Amino acid sequence: MASHAAARTALRVAGREIIVVQDNSELVLGGRRAKANGYGPVGKGGGTRGLMLHAALALDADNDALLGLVDAQVWNRDKGKVTARRSRAMADKESQHWLTAAKAGEVLSAARSITVISDRESDIYAHFVQRPPNVELLVRANWNRKIKLKSGASTSEFAFVDGLQEAARYSVTIPAAPGRKERTAELALRFSPVTLCRPHPSPAPDLPETVQLTIVDVREVSSTHDGEPIHWRLLTTHDVGSSKQARRIVDLYRKRWTIEEFFRTLKSAGFDIEQADIGEPEVMIKFVAAAAVAAVTIMQLVRARDGTTEDKLIEAFDPDDRPVLEALSAELEGATEKQKNPHRKGTLAFAAWVIARLGGWTAYYGKPGPMVMRLGLEAFRRIKYGTTLRLKNV
């Protein structure tokens, strides 16, 4: 299912500047009962049981359009004895799921450019040195690694960047989020090329001893709120030679939030997948994979509902879906102006209106959210399946 979804995404990226945002998420499915059913440990301490999910989404870097799923891996952790992390080969570690760049480079090869973006868990030396030539990386630094200076001496990565002079300051609006109010933040920017040294001892001694990267440091200097101020140290394979280019790197990293939105849709906002009462792990793995594919479509519909994205219908639907959607729109429209589909045919906004109405939205109150879109999408698929049936003469 994930491979089929990735193949469809590949058809939408030609000639575009693409960013791929990726992350891991734990799916908590229970305690003792889940353990008895064969689910592996998740969460701190391993007291809860469930599955692990790694997902990667493709976005258009120019307009933030969500183009589809690039990768989705679901696995059940081994319940047996675990070998020490440092003595395991990369292929045997969970961290190998972060090495999505190779797959992105292959699947999205028609794109004009590809940048894979991820958080601190993906600060893995092999992640940088094994990337394919058609993929750039942008990773939030996690480890205070050793770097080699031009003089031949070495120092720590964080001490080096902290000692750099500010290259620029600028203000941004930090949007509201759960537990956080919207605010304006003043950010200080630093950047420099760095020569990152291979960690020692290394589980992969055949890797090169150094790799050339750029570090971009951005930190909030006008904190007037109760929360933790922004401070990101970003490692990238992109060349950065100016403050404008450094700021572009920061802006790209901010788009990583889309993967958090995806997990929220899959869990609390759309599917409530952690409440699925499926006792067989292998069956649950298939269900999660199917839900991951559907969650992307639901996100696309929610984003398009206001008609401001200008996304085309083909970004989320097959060509043969269009006549069905147009017929349903005509059937669902009411007598009042508010009950008319205000969007142009062939756009994703047009489809979002239809799907929302099928999901129970009246077109009068509020905006349709992920749950409404999920119900509507399920109804649409049943209707489309019905259009393919042919009654035989008895």
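Here the structure is a predicted model, which means the values were calculated and not measured.

A. Focus on the overall build of the protein. A tally of regular secondary structure across the protein gives eleven helices and twelve strands. Expected size for 394 residues packed as a compact globule is a radius of gyration near 21 Å; at 23 Å, the protein falls within 12% of this value. Taken along the three principal axes of its C-alpha coordinates, the protein extends 85 × 50 × 45 Å. Across the 394 residues in the protein, those meeting the buried criterion constitute 48%. Across the protein, the fraction of contacts at a sequence separation of at least 24, relative to all contacts at a separation of at least 6, is 62%.

B. Focus on the packing of helix α8 (residues 281–304) against helix α11 (residues 370–387). One way to put it is that α8 packs onto α11 with a least axis distance of 9 Å and a crossing angle of 115 degrees. Taken together, the axis directions place α8 and α11 in an arrangement best described as roughly perpendicular. Handedness of the crossing formed by α8 with α11: right-handed. From α8, Ala294, Thr297, Ile298, Leu301 and Val302 reach across to α11, where they touch Pro370, Met373, Arg374, Leu377 and Arg381. Grouping the constituent residues of the contact of α8 with α11 by class yields seven nonpolar, one polar and two charged.

C. Looking closely at the side chain of Ser118. Here Ser118 shows up in strand β5 (residues 113–118). Contact partners of Ser118, with chain neighbours within four places excluded, come to Gln22, Trp98, His127, Leu138, Val139, Arg140, Tyr253 and Arg256.

D. Quick look at the packing of aromatic side chains. Across all of its chains, the model carries four aromatic pairs by this definition. A centroid spacing of 4.9 Å and a plane angle of 65 degrees characterise the contact between Trp232 and Tyr253, whose relative ring orientation is edge-to-face. Residue Trp232 is located in strand β12 (residues 231–236), and its partner Tyr253 is located in helix α6 (residues 243–254); the two are separated by 21 residues in the primary sequence. Each of the two residues, Trp232 as well as Tyr253, counts as buried. Note on Phe317 and Phe380: the rings are 5.8 Å apart at their centroids and 90 degrees apart in plane angle, and the pair reads as edge-to-face. Of this pair, Phe317 sits in the loop between α8 and α9 (322–332) while Phe380 sits in helix α11, placing them 63 residues apart in sequence. Comparing Phe317 with Phe380, the two get one shared label, buried. Sitting over the face of the ring of Phe158, Arg233 holds its NZ or CZ atom 4.0 Å from the ring centroid. Sitting over the ring of Phe271, Arg374 keeps its end group 5.7 Å from the ring centre.

Reading the values: the criteria
- Residues numbered from 1 in each chain as written.
- Predicted model: local features only at pLDDT ≥ 70, side-chain atom pairs only at ≥ 80, totals over all residues.
- Heavy atoms only, no water.
- Helix = DSSP H or I, 4+ residues; strand = E, 2+ residues; numbered from the N terminus.
- Rg over C-alpha atoms; globule rule 2.2 N^0.38 Å.
- Buried < 20%, exposed > 50% of the residue type's maximum accessible area, 1.4 Å probe, protein only.
- Contact = heavy atoms within 4.5 Å.
- Axes fitted to C-alpha atoms, helices over the stretch in contact; angles between N-to-C directions.
- Parallel < 35°, antiparallel > 145°, perpendicular 65-115°, else oblique.
- Left-handed = near helix turned anticlockwise from the far one by under 90°.
- Nonpolar A, V, L, I, M, F, W, Y, C, P; charged D, E, K, R; others polar.
- Phe/Tyr/Trp six-rings, centres within 6.5 Å; stacked < 30°, edge-to-face > 60°.
- Lys NZ or Arg CZ within 6 Å of the ring centre and 35° of its normal.

Purely geometric numbers; function is a separate question.
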